[in-house]
Amino acid sequence: MHTGDWPSTVEEALAVQERLRERVDLTDDGPELPPTVTGLDVAYDERDGFAAAVVTLETAGLTVVEARTHRAEAVFPYEPGLFAFRELPPLLAALERLDREPDVLVCDGHGLAHPRRFGLACHLGVLTGWPAFGVGKTRFVGTHADPAPARGSAEPLVDAGEVVGAALRTQDGVKPVYVSAGHRIDLAHACRLTLALTPRYRLPETTRQADRLSRAALR
């Protein structure tokens, strides 16, 4: 698991995305309910530094198995569609501190639901080799019909005629989240796991725990 020569310009980063997206594999051969799920998130401070957090939960009971953080300074400019190049170095550093290898990575962001079909979840999955998918709070690309009000209702997220994800209602009557496959998992499985991770709240418990930990690490 390594980043290699890290790009420093937008042009270099676009070239990396173009090269690595060919390695995305959406063959899904994992268990329906993996033993654990690992959530990832990043919190920023006012000086362009941030803390990355990874939290592994038991999938069945959503209890925390282990958690790690890593503080860092930004090494790439703020560019829409290239956030992974800011957030991946500290996230990978935090992942390397885990004692147990993740079964599935759940990103606070997107996978295929990205202008170049290579969001953070795809990038993380390709670099680590682990199954990964994204659950975004907001839509980045595409359009969708409004899902029915009931929990579990979903509508395809379509961009340029291609289904790149799903708008999924995780609680009755709340705004949907945006689920997209990243690597080694398909969209339907990612949606089912998202529902398993949202028994009470709109956002997955992986995201809630990692967000809380990353913010605490900044203090």
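Fair warning: this is a prediction, and the values are worked out from it, not measured in the lab.

Chemist: Any chance you could break down the overall build of the protein for me, citing the residues and the numbers?
Modeler: Looking only at helices and strands, the protein features 5 helices and 8 strands. Its C-alpha atoms give the protein a radius of gyration of 16 Å, within 12% of the compact-globule value 17 Å for 219 residues. By principal-axis analysis of the C-alpha atoms, the protein measures approximately 45 × 40 × 35 Å. For the protein, the residues scored as buried account for 52% of the 219 residues in total. At a minimum sequence separation of 6, the contacts of the protein that also span at least 24 residues come to 65%. Entry remark: accessible area of the protein is about 9,800 Å², with carbon and sulfur atoms responsible for 50%.

Chemist: Tell me what's going on with the packing of helix α2 (residues 84-96) against helix α3 (residues 120-128), and back it up with residues and numbers.
Modeler: Here α2 crosses α3 at 45 degrees, and the two axes come no closer than 11 Å. Of the possible angle classes, the one that applies to α2 and α3 is oblique. Pair α2 / α3 crosses with right-handed handedness. Residue-level contacts link A84, F85, E87, L88, L91, L92 and L95 of α2 to L120, H123, L124, L127 and T128 of α3.

Chemist: Mind laying out the packing of aromatic side chains, listing which residues take part and the relevant values?
Modeler: Taken as a whole and assessed by the stated rule, the structure comprises 1 aromatic pair. Looking at R208, its charged tip hangs above the ring of Y201, at a distance of 3.7 Å from the centre.

Chemist: So what about helix α1 (residues 10-20)? Which residues, and what values?
Modeler: Where α1 is concerned, the buried positions are A13, V16, Q17 and L20. Projection of α1 onto a plane perpendicular to its axis shows the buried side chains occupying an angular sector of 100 degrees, all on one side. Looking at the buried positions of α1, the neighbouring elements they touch are α2 and α3.

Chemist: Explain the environment of D159 to me, using residue names and the numbers behind them.
Modeler: With respect to the secondary-structure elements, D159 resides in strand β6 (residues 154-159). Sequence separation of D159 and R68 is 91 residues, and the distance between their C-alpha atoms is 35 Å. Residues contacting D159, with those up to four places away along its chain left out, are R117, V141, G142 and V164.

Chemist: Explain the pattern of salt bridges to me, using residue names and the numbers behind them.
Modeler: For the coordinates displayed, the defined rule picks out 11 salt bridges. One salt bridge connects R21 with E18, and the closest N-O pair in it is separated by 3.0 Å. By relative accessible area, which is 29% here, R21 ends up partly exposed. One salt bridge connects R117 with E162, and the closest N-O pair in it is separated by 3.0 Å. You can see R117 sitting in the loop between β4 (105-107) and α3 and its partner E162 sitting in strand β7 (residues 162-168), a full 45 residues away along the chain. One salt-bridge network, held together by shared partners, links E66, R68 and D99.

Chemist: Break down α3 for me, with residues and values.
Modeler: At 3.6 residues per turn, the α-helix brings residues three or four places apart onto the same side. Extensive coverage of α3 is indicated by the burial of 9 of its 9 residues. Looking at the buried side of α3, the elements it contacts are α1, β1 (36-44), α2, β4, β5 (132-136) and β8 (177-183). One or two steps after α3, the chain reaches G129, where phi turns positive at roughly 85 degrees.

Chemist: Describe in detail the UniProt feature "binding site: Mg(2+)" (unreviewed entry) in the protein, supporting the description with residues and values.
Modeler: Under the feature "binding site: Mg(2+)" (unreviewed entry), the UniProt entry names D41 and D108. Spatially, the listed residues are clustered: although they cover 68 residues, their C-alpha atoms lie within 5.9 Å of one another. Here D41 shows up in strand β1. In contact with D41, not counting residues within four places along its chain, are A51, A52, A53, L91, D108, T207, A210, D211 and S214. As for its placement among the helices and strands, D108 is situated in the loop between β4 and α3. Owing to a relative accessible area of 19%, D108 belongs among the buried residues under this scheme. Those residues within four positions of D108 in sequence are excluded, and the remaining contacts are L40, D41, V135, K137 and T207.

What counts, and at which threshold
- Residues numbered from 1 in each chain as written.
- Predicted model: local features only at pLDDT ≥ 70, side-chain atom pairs only at ≥ 80, totals over all residues.
- Heavy atoms only, no water.
- Helix = DSSP H or I, 4+ residues; strand = E, 2+ residues; numbered from the N terminus.
- Rg over C-alpha atoms; globule rule 2.2 N^0.38 Å.
- Buried < 20%, exposed > 50% of the residue type's maximum accessible area, 1.4 Å probe, protein only.
- Contact = heavy atoms within 4.5 Å.
- Areas by Shrake-Rupley, 256 points an atom, 1.4 Å probe, with all protein chains shown as cover.
- Axes fitted to C-alpha atoms, helices over the stretch in contact; angles between N-to-C directions.
- Parallel < 35°, antiparallel > 145°, perpendicular 65-115°, else oblique.
- Left-handed = near helix turned anticlockwise from the far one by under 90°.
- Phe/Tyr/Trp six-rings, centres within 6.5 Å; stacked < 30°, edge-to-face > 60°.
- Lys NZ or Arg CZ within 6 Å of the ring centre and 35° of its normal.
- Arc of directions from axis to C-beta.
- Salt bridge = Lys/Arg side-chain N within 4 Å of Asp/Glu carboxyl O.
- UniProt positions renumbered as here; feature names shortened; annotations may be inferred.

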